[in-house]
Amino acid sequence: MKIFVHVKAKTFTVECGEGTQPIIWLGNVGVARYSNFNTLTIGAPTGVRQESGAFYENNEIIRNCLRDGQHVWVALKERYD
């Protein structure tokens, strides 16, 4: 199973195997991959949302709510420095 994970202006293809991970795992992978391409630290994801803007429950299992080739967007905590 392959999911396209959007973090800010970047998109990453994430192989999920059978998709048995919780949906927040996609957020964590997206943030880690984003950090590999940028020197900025963006912190931990707060959630993963659909194109419509609706959020998935963080503990939902990937294969139960997504299909192969679907796109998701990672929500990040706003920084107030």
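The structure we're discussing is the one just above.
The following paragraphs examine the structure supplied in this document.

Here is what the cut-offs are and how they apply
Residues numbered from 1 in each chain as written. Predicted model: local features only at pLDDT ≥ 70, side-chain atom pairs only at ≥ 80, totals over all residues. Heavy atoms only, no water. Helix = DSSP H or I, 4+ residues; strand = E, 2+ residues; numbered from the N terminus. Rg over C-alpha atoms; globule rule 2.2 N^0.38 Å. Buried < 20%, exposed > 50% of the residue type's maximum accessible area, 1.4 Å probe, protein only. Contact = heavy atoms within 4.5 Å. Polar contact = N/O pair within 3.5 Å; in protein donor to acceptor, adjacent residues only side chain to side chain.

### Here's the deal with the overall build of the protein
Right, on to step 1. Across its full length, the protein carries two helices and four strands.
Right, on to step 2. For the protein, the sequential pattern of α-helices and β-strands runs β-β-α-β-α-β.
Right, on to step 3. Relative to the globule expectation of 12 Å for 81 residues, the C-alpha radius of gyration of the protein, 12 Å, shows essentially globular dimensions.
Right, on to step 4. Its C-alpha atoms give the protein principal-axis dimensions of roughly 40 × 25 × 20 Å.
Right, on to step 5. Taking all 81 residues of the protein together, 37% fall into the buried category.
Right, on to step 6. Taking contacts inside the protein between residues at least 6 apart in sequence as the whole, the part at least 24 apart equals 59%.

### Quick word on unusual backbone geometry
Right, on to step 1. In this structure, Lys8 takes a positive phi of about 55° despite not being glycine.
Right, on to step 2. When you line up the elements, Lys8 lands in the loop between β1 (2–7) and β2 (10–15).
Right, on to step 3. Overall, Lys8 belongs to the exposed group, its relative accessible area being 54%.

### Re the side chain of Gln70
Right, on to step 1. The residue Gln70 is located in the loop between α2 (62–65) and β4 (71–76) in this model.
Right, on to step 2. Relative accessible area serves as the criterion here: at 19%, Gln70 is assigned to the buried category.
Right, on to step 3. Of the polar contacts made by the side chain of Gln70, one reaches the backbone nitrogen of Arg67; its length is 3.0 Å.
Right, on to step 4. Once you skip the residues sitting within four places of it in the chain, Gln70 turns out to touch Lys2, Ile3, Phe4, Tyr56 and Cys65.

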